[in-house]
Amino acid sequence: DIDTKPMLVELEKGVQIPGTEITFDLKTIEEPEFGAAPNVFWADLITALGTEGEDGVLADLIGTLITDPSGLAPEVLLQLNYGLTDAAYVATGLAPVAPLVDGSAPLLDPEGLTLDGTIELTPPVQPI
């Protein structure tokens, strides 16, 4: 949907310049869910790209990045699929623990470790 209206811009010393204000009402497209089959829009786009260009190289690349994003860790896929910024992802508590300044991994509290080597996590308790 496009809406236009004429306007007059007035500069210093009374100079007036005619113009037009244009407003576009656009609908956004859904981002693909990485690691899953593309939705109808993305499937149609990939098909259209496959009919043009150099033997569908771009279509193959986009299709593979959506359906089989190899090399991305599961936690990165989770962040991408929910559209979280790095800060929001860390705030959820789901992000991997960041390394220390010297690059080493932070020490885990040994009380959280079980005998079989797995980690038992308990959420923090809010003080009342």
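Residues numbered from 1 in each chain as written. Predicted model: local features only at pLDDT ≥ 70, side-chain atom pairs only at ≥ 80, totals over all residues. Heavy atoms only, no water.

S.K.: Would you take a moment to explain the environment of Ile 2 for this structure?
M.R.: Within the element layout of this structure, Ile 2 appears in strand E1 (residues 2-10). When the C-alpha atoms of Ile 2 and Thr 23 are compared, they prove to be 5.7 Å apart, with 21 residues separating the residues in sequence. Apart from the residues within four sequence positions on either side, Ile 2 is in contact with Ile 22, Thr 23 and Phe 24. (Helix = DSSP H or I, 4+ residues; strand = E, 2+ residues; numbered from the N terminus. Contact = heavy atoms within 4.5 Å.)

S.K.: Looking at this structure, I do not really get the pairing of E1. What am I missing?
M.R.: Along any regular strand the residues' side chains alternate between the sheet's two faces. Pairing between E1 and strand E2 (residues 16-24): nine bridges, direction antiparallel. When the bridges of E2 are listed, Leu 8 appears paired with Pro 18. Where E1 hands over to E2, the hairpin turn is made up of five residues, of which Lys 13 adopts a positive phi near 65°. (Pairing = 2+ DSSP bridges.)

S.K.: Sorry if this is basic, but what is going on with the pattern of salt bridges here?
M.R.: Opposite charge on two side chains permits pairing when their charged atoms draw close. Counted under the stated rule, the structure contains one salt bridge. The shortest N-O distance in the salt bridge between Lys 5 and Glu 21 comes to 3.9 Å. On the criterion of sequence distance, the pair formed by Lys 5 in strand E1 and Glu 21 in strand E2 is long-range, its members being 16 residues apart. Residue classification places Lys 5 among the partly exposed residues on the basis of a relative accessible area of 44%. Exposure remark for Glu 21: the relative accessible area of 32% places this residue in the partly exposed category. (Salt bridge = Lys/Arg side-chain N within 4 Å of Asp/Glu carboxyl O. Buried < 20%, exposed > 50% of the residue type's maximum accessible area, 1.4 Å probe, protein only.)

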